[in-house]
Amino acid sequence: MDELLQEAVTKHEQILKYIESLQIGSKISVRKIAKEMDVSDGTAYRAIKEAENQGLVSTRERIGTVRVEKKARTNIDKLTFAEVVNIVDGQVLGGSDGLEKSLNKFVIGAMQLEAMARYIEPGSLLIVGNRYQVHRYALEHGSAVLITGGFDTNDDVKKLADELGLPIISTSYDTFTVASLINRAIYDRLIKKKITLVEDILSPELPPRTLKGSSTVTDWEKLVEETGHSRYAVVDEWNRVIGMIASKDVLGAPKEQTMDKLMTRNPLTAVPQTSVTSAAHMMVWEGIELLPVVDSKGKLLSVISRQDVLKALQVIQKQPQIGETFEDLIVVGFEEVREDSGHLSYRGVITPQMTGRLGTVSEGVLTTLMTQCAYRALKTQKKGDFVLENFTAYFLRPLQLESQIEIRPRVIELSRKYGKVDVEIYHGANLVCKAMLAAQAID
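Only a predicted model underlies this, so the values are computations on that prediction, with no experimental measurement involved.

Undergrad: Describe the overall build of the chain, naming the residues involved and giving the relevant values.
TA: In terms of helices and strands, the chain carries 15 helices and 20 strands. Split into buried and exposed, the 443 residues of the chain put 41% on the buried side. Within the chain, residue pairs in contact and separated by at least 24 positions form 54% of the contacts whose partners lie at least 6 positions apart. For the chain, the accessible surface area stands at approximately 24,500 Å², while carbon and sulfur atoms represent 50% of it.

Undergrad: So, the pairing of strand β15 (residues 335-338): which residues are in play, and what are the values?
TA: One ladder, built from four bridges, connects β15 with strand β16 (residues 344-349); its direction is antiparallel. Within β16, the position partnered with glutamate 335 by the bridge is arginine 347. Counted between consecutive antiparallel strands, the loop separating β15 from β16 contains five residues, among which glycine 342 sits at a positive phi close to 100 degrees.

Undergrad: Would you mind going over the environment of leucine 166 in detail, with residue names and values included?
TA: In this fold, leucine 166 is placed in the loop between α7 (155-164) and β8 (168-170). Measuring from C-alpha to C-alpha, the distance between leucine 166 and alanine 138 comes to 9.8 Å, with 28 residues separating the pair along the chain. With sequence-adjacent residues up to four places away left out, leucine 166 is seen in contact with Gly94, Gly95, Lys101, Leu139, Gly142, Ser143 and Ala161.

Undergrad: Give a description of unusual backbone geometry that names residues and reports values.
TA: Phi at aspartate 89 is positive, roughly 50 degrees, even though this residue is not glycine. By relative accessible area, which is 54% here, aspartate 89 ends up exposed. Phi is positive for asparagine 239, which is not a glycine, with a value near 65 degrees. Turning to its location among the elements, asparagine 239 is positioned in the loop between β10 (232-235) and β11 (241-245). With a relative accessible area of 29%, asparagine 239 lands in the partly exposed category.

Criteria and cut-off values
Per chain, residue numbering runs from 1 following the sequence as it is written. Given that this is a predicted model, residues contribute local features only at a pLDDT of at least 70 and side-chain atom pairs are listed and counted only at 80 or more, while totals for whole chains, interfaces and linings are drawn from all residues. With hydrogens and water excluded, all non-hydrogen atoms of the structure serve as input to the side-chain values. In this description a helix means any DSSP run of H or I spanning at least four residues, a strand means any run of E spanning at least two, and both kinds are numbered starting from the N terminus. The rule is simple: take the accessible area with a 1.4 Å probe, protein chains only, and divide by the maximum for that residue type; under 20% is buried, over 50% is exposed, in between is partly exposed. Should any heavy atoms of two residues lie within 4.5 Å, those residues are considered in contact. Using a 1.4 Å probe, the Shrake-Rupley method yields the accessible areas, and only the shown protein chains count as cover for residues. Any two strands are treated as partners once DSSP identifies two or more bridges connecting them.

Laid out in structure tokens, this is it:
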């Protein structure tokens, strides 16, 4: 069975390497790959989907699946025209060769051609109705075109789009809806951009040194002498992680003892798309110093240490805040107030966005408010980030729209590893909500 598994994995990887070797723009199909690589349609389909996840191929309307250039994560805030097509449920009328180009800005053509001319430039996207002259002008000046209202354009414009490699797209949505959808997509990209992933901190150096299950304590000692490290991943003959070994595991063991008898089996692992914060939480929570990074098949790609993760977290804290999450939006209107006693409290107003279907504040919003204010209180006494471990809340009274509230977090215990906070929310003199939470420090 292991031989069959090895053969299947090898075929999968061979197909991915084959796809990667194809020229940009080459058309790909399940049947073609299956015939070329002598595999089943199912194996070919799975490999093509994996290639799509890796950004090696893209499926385009009226064209099919084609090999595309893999884009670096540094451009994650840039939308491609192909992504715009998906966002607006559009149809490509021409210029499909330029779908992988990125747009720098979009322009709404709600004015005379002479007035909009100064806003049209290469790399932009003009959003306009059924104005053929404007379509042609935009293409001639390096701008793609998005036609709203489900309108078409003439054959001359489509031909020009194909010649210039600039997409011309039609959508049934109106201009306002299209602009809102694209704005939302760009905004989401900005939020994603500030989330550092494990793949962003992986070392570009050679693959990490490892041991086999059949390696002995003597082999471990030689590796320690060569590298100066004491923790290693243990892999099988197909480079899949099966365990971790550290100095405490080999202490007092005979020199001839093998790793499979000493290692920690089924270790925690991360994938390249794991966020650094999640990796840090995992390592601190489990008390581990080295985390293997594996691919979708469990094969070892690299390892990250606790030092790597903590350095990345320090960099994240220094980054400008690009884009706001729901948490940011909920707490942004609350003012920090220092009381005479020295305690911090936070004052703000319940906005329409915070209410539920009954017109009272959402319990989820209150939970977020209490959690975020508790974190702020902890950070005034200890630097670093905190991860919620336990939360117990009591909702005593309903809060109406536009109610002015005060949130009072009180740190009742703080150690190197943990913090405990009591949080109360008051409306006037009335206690409306109370919670106790415990958070683990990532430092």
